[in-house]
Amino acid sequence: MSKYDEIRQAAYEANMQLPKLGLVLFTFGNVSAVDRQEGVFAIKPSGVPYEDLSPDNMVIVDFESTIVEGSLRPSSDTKTHAVLYKHWEHIGGIVHTHSTYATAWAQSQRDIPIYGTTHADYLATDIPCAPPMSDEMIEGNYEYQTGFQILNCFQERGISPKEVEMMLVGNHAPFTWGKTAAKAVHNSAVLETVAQMALLTEQINPQAPRLKDALINKHYLRKHGPDSYYGQS
Ligand SMILES: O=C(CO)[C@@H](O)[C@H](O)COP(=O)(O)O
């Protein structure tokens, strides 16, 4: 028994959802689950195929990305997860994928506009895309800087990571988060679906109108309002 068994299991179960939901190919992507009391998180080992994952080979690292328990190398995105856990104290789990449609929007460096109520059920804003890294950021540690690309984008736009639990990193791919690793995976699946719908919408009608603000708010509050199941869970 290890005191990290609970987050190992949570991270393992959430990682295993990614291939089941068609959000990753081969060893793309990674999920982590945090234990804030211990100041550590469990994350997928780098380069390990999903079929070879187990709770035991999840790597336990601290918020400086130092390995606390585990023999394998932690995900190459570990520093990005660590930056977000350090600065956003409400999140319990983080997911990074290279899911096709969300990654295509990230590579196009465009926010995903709200075209319909599916999107508005989860987000009352466009899905933000952080601008690509500056030259000086590229000189630094790439994964560490990716975390600050995300933080800076939210700060500059004045949006809350409690309301918006997903985003695209320009020229890279999506990151999502949530109160638990399972919720973060749910958000990754919603993001991929909304990204596909938005692309098809623009292909069918390049002048497709955005959803009206009044409808955006109505739908978002219906799903996230204080008396809704999703809002309380
Ligand atoms: O973003 C990337 C590669 O661009 C990574 O997320 C890989 O997709 C997975 O790397 P590991 O977690 O296996 O190190």
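Bear in mind that the values here come from a model prediction, so they are computed numbers and not experimental data.

**Student:** Tell me about the pairing of strand β7 (residues 166-169), and name the residues and values.
**Tutor:** In β7, alternate side chains face the same way, and those of Met-166 and Leu-168 on one face and Met-167 and Val-169 on the other are all buried. Alignment of strand β6 (residues 129-130) against β7, held across 2 bridges, turns out to be parallel. Looking at the pairing, Ala-130 lines up with Val-169 of β7. Of the pairings in the sheet, the one linking β7 to strand β8 (residues 174-178) comprises 3 bridges and is antiparallel in character. Paired with Met-167 across the two strands is Phe-175, which belongs to β8. Here β7 hands over to β8 after 4 residues, with Asn-171 in that stretch at a positive phi of 65 degrees.

**Student:** Now, about the packing of helix α3 (residues 100-108) against helix α7 (residues 181-204): what can you tell me, with residues and values included?
**Tutor:** It is the contact of α3 with α7, at a shortest axis distance of 7 Å, that shows an interaxial angle of 65 degrees. The hand of the α3/α7 crossing is left-handed. Between α3 and α7, the contacting residues are Thr-100, Tyr-101, Ala-102 and Trp-105 on the first element and Leu-191, Glu-192, Ala-195, Gln-196, Ala-198, Leu-199 and Glu-202 on the second. Per-class residue counts for the contact of α3 with α7 are 7 nonpolar, 2 polar and 2 charged.

**Student:** Got a sec to walk through unusual backbone geometry? Specific residues and values, please.
**Tutor:** A positive phi angle is found at Phe-26, which is not glycine, with a value near 50 degrees. Inspection of the secondary structure puts Phe-26 in the loop between α1 (5-20) and β1 (30-35). Phe-26 sits in the exposed class, given a relative accessible area of 65%.

Reading the values: rules and limits
- Residues numbered from 1 in each chain as written.
- Predicted model: local features only at pLDDT ≥ 70, side-chain atom pairs only at ≥ 80, totals over all residues.
- Heavy atoms only, no water.
- Buried < 20%, exposed > 50% of the residue type's maximum accessible area, 1.4 Å probe, protein only.
- Helix = DSSP H or I, 4+ residues; strand = E, 2+ residues; numbered from the N terminus.
- Pairing = 2+ DSSP bridges.
- Axes fitted to C-alpha atoms, helices over the stretch in contact; angles between N-to-C directions.
- Left-handed = near helix turned anticlockwise from the far one by under 90°.
- Contact = heavy atoms within 4.5 Å.
- Nonpolar A, V, L, I, M, F, W, Y, C, P; charged D, E, K, R; others polar.

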